Amino acid sequence: LLHASSIRASIEGLQECLKREYETLSSISSDFQRITLDEFKWARMLISSRAFRLTVKGREIRVLGPLVDLMDHAEKRRTTWKYDASTDALTVCALEDFRVGEEIRCHYGKKSAKKFLLYYGFTPDETLTGAYDHLNDVEFVMFVHPDFPEAKAKQRLVNEEYACKKYSVDTAFTRANTLEALSFMRLLCASGEEEMTALPKQMSKDYSFRETPIQPMSIRNEVEVLRMLSNMMKEQHSHYSDEMRSRAGASAAAAAAAAADQKEDVVSGGDKRKRSTNGGPAYAGRKRARVKSSSASLVSSTSSSLSSESEPPSSQRSAETVIVGEMAVCSFYISLAEAVIPALEGLDESTLTVDAEGLSGQEKEYVAYVCYSLQVRRKAKLDAAKKRKKNKKNKAKTKNA
């Protein structure tokens, strides 16, 4: 089920990273060679999935907390943890009251379904139906292809980091990772003197599209960026088989039903979460104790097992959740392009206003973002022209004097 997912590359990258760590440690100590690579991966991921980040005496460290690291993931943050200097200990604090006998859980953080599966070995339902859905992403590699306009100039412009780089795109198009990808696309689609001069003059070795993104530079350029992004998403979406779409759709429907059931449960004051044993809201409370086998086996498996016809080394439900998240991102940008491109092409460039009738909330946000960016560029251009004119007058006065 995960064959078409970009998580494959993430798993392979993590496997390679762990292999390098193992080889480094083995070269330092001959005693370490008694441990096999698979044993090291298991132990390393066990620590990674359980460790807490703490700030102790001004230093950020990661620690293991016996028993505390068995806490389930909770969709709602009801507890927090910190280093207590008075007791020199890791302390878990309740943010609200708990009933006697109620299970205490901790919030693992807002992550995409892909990251939950990769680092914890499971995917909670809220990655589909809650405030996490915008964190799901699609990854792809981009570089300046010789067929792009002004390709040679662009190749000279980008630094080594961006010569060939993997990007991550989610549905929050103003988030740093998505802005980075859109920025590079704006560079790829730039054409003509006006757009080329709008690019950064010199990208130093440390230049980052993430830290200093290229904002929309023209209507033409932004339309081409959306077309490129839409085509890439269509290509990714085509990799999912009909069976994947069917299974993922069923998983999404089950998650939505579970969320509705949970909402009804909150209203009625019951505790259906405890009664659910297979799927539903209780699925979000997968034990860290189970992570010991699921997450470790995920990275310990060889890449050949991923390409076989056997079930991937993660639960079917978790795999479906990842696919649902990726398909949602693909569908989002395909629909966004279909709606926003005509709106931008019909935009009144003299006033930078657009008829937003028929656009959804996020489509309106994207159009407003483009219009605002173009207004900022236009003002900066006018201000620069005024400054040049003023400097020219001052020089003329000085010369006459």
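Report on the accompanying structure. (Residues numbered from 1 in each chain as written. Predicted model: local features only at pLDDT ≥ 70, side-chain atom pairs only at ≥ 80, totals over all residues. Heavy atoms only, no water.)

**A short note on helix H1 (residues 7-28)**
Its 22 residues place the ends of H1 32 Å apart at the C-alpha level, agreeing with the 32 Å of an ideal helix rising 1.5 Å per residue. Along H1, the residues classified as buried are Ile7, Ser10, Ile11, Leu14, Gln15, Leu18, Tyr22 and Ser26. Down the axis of H1, the buried side of the element spans an arc of 140°, and every buried residue falls inside it. Opposite the buried face of H1, by more than 90 degrees, sit the exposed residues Ser27 and Ile28. (Helix = DSSP H or I, 4+ residues; strand = E, 2+ residues; numbered from the N terminus. Expected span 1.5 Å × (residues − 1). Buried < 20%, exposed > 50% of the residue type's maximum accessible area, 1.4 Å probe, protein only. Arc of directions from axis to C-beta.)

**Some words on helix H14 (residues 361-400)**
With 40 residues, H14 ought to run about 58 Å at 1.5 Å a step, and its terminal C-alpha atoms sit 58 Å apart, in line with that. All buried positions along H14 are accounted for by Glu363, Tyr366, Val367, Tyr369, Val370, Cys371, Ser373 and Leu374. As for H14, its buried residues are in contact with helix H6 (176-189), helix H8 (219-238) and helix H13 (316-345). (Contact = heavy atoms within 4.5 Å.)

**So, the side chain of Ser183**
Tracing the chain through its elements places Ser183 in helix H6. Given a relative accessible area of 0%, Ser183 falls into the buried group. From its side chain, Ser183 meets the backbone nitrogen of Ile214 in a polar contact 2.9 Å long. The residues contacting Ser183, other than those within four sequence positions of it, are Phe209, Pro213 and Ile214. (Polar contact = N/O pair within 3.5 Å; in protein donor to acceptor, adjacent residues only side chain to side chain.)

**What to know about the packing of H1 against helix H2 (residues 37-50)**
The relative placement of two packed helices is expressed as an angle between their axes plus a distance between the axes. Orientation of H1 relative to H2, taken along the N-to-C sense of each, is 110°, at an axis distance of 10 Å. In terms of orientation, H1 and H2 fall into the roughly perpendicular class. As for the relative orientation of H1 and H2, their crossing is right-handed in sense. Together, Leu14, Gln15, Leu18, Lys19, Glu21, Tyr22 and Leu25 of H1 and Leu37, Phe40, Lys41, Arg44 and Met45 of H2 make up the contact between the two elements. Broken down by class, the residue content of the contact of H1 with H2 amounts to seven nonpolar, one polar and four charged. (Axes fitted to C-alpha atoms, helices over the stretch in contact; angles between N-to-C directions. Parallel < 35°, antiparallel > 145°, perpendicular 65-115°, else oblique. Left-handed = near helix turned anticlockwise from the far one by under 90°. Nonpolar A, V, L, I, M, F, W, Y, C, P; charged D, E, K, R; others polar.)

**Observations regarding the packing of aromatic side chains**
Per the stated rule, a full pass over the model turns up 18 aromatic pairs. Here the aromatic rings of Tyr207 and Phe209 are separated by 5.5 Å at their centres, their planes lie at 90°, and the arrangement is edge-to-face. For Tyr207, a relative accessible area of 11% gives the class buried. Under the relative-accessibility criterion, Phe209 is labelled buried at 0%. In this structure, Arg78 packs its charged tip against the face of Phe98, placed 4.1 Å from the ring centre. Between the NZ or CZ atom of Lys165 and the centre of the ring of Tyr167, over which it lies, the distance is 6.0 Å. (Phe/Tyr/Trp six-rings, centres within 6.5 Å; stacked < 30°, edge-to-face > 60°. Lys NZ or Arg CZ within 6 Å of the ring centre and 35° of its normal.)

**Notes on unusual backbone geometry**
Although it is not a glycine, Lys57 adopts a positive phi angle of roughly 55°. Position of Lys57 among the secondary structure elements: in the loop between strand S1 (52-56) and strand S2 (59-63). Judged by its relative accessible area of 78%, Lys57 is exposed. The phi torsion at Glu150 lies on the positive side, around 55°, for a residue other than glycine.

**Topic: the pairing of strand S4 (residues 89-94)**
Pairing between strand S3 (residues 79-84) and S4: six bridges, direction antiparallel. Note that in S4 the partner of Thr79 across the bridge is Ala94. (Pairing = 2+ DSSP bridges.)

**Some points on the environment of Arg77**
Residue placement: Arg77 occurs in the loop between S2 and S3. For the pair Arg77 and His107, spaced 30 residues apart in the sequence, the C-alpha separation amounts to 5.2 Å.

**Overview of the packing of helix H3 (residues 113-120) against H13**
As a packed pair, H3 and H13 sit with axes 8 Å apart at the nearest point and diverge in direction by 150°. The angle between H3 and H13 places the two elements in the roughly antiparallel class. Along its contact with H3, which presents Ala113, Lys114 and Leu117, the element H13 presents Ser318, Thr321, Val322 and Glu326. Here the residues of the contact of H3 with H13 sort into three nonpolar, two polar and two charged.

**With respect to the nonpolar core**
Formed by 53 residues in total, the largest nonpolar core has its most connected members in Phe140, Phe184, Leu187, Met233 and Tyr333. For this core, the element with the highest residue contribution is H13, accounting for 11 residues. Among the nonpolar cores identified, the runner-up in size contains 20 residues, and Phe32, Phe40, Leu117 and Ala319 belong to it. (Core = buried A, V, L, I, M, F, W, Y, C linked by side-chain atoms within 4.5 Å.)

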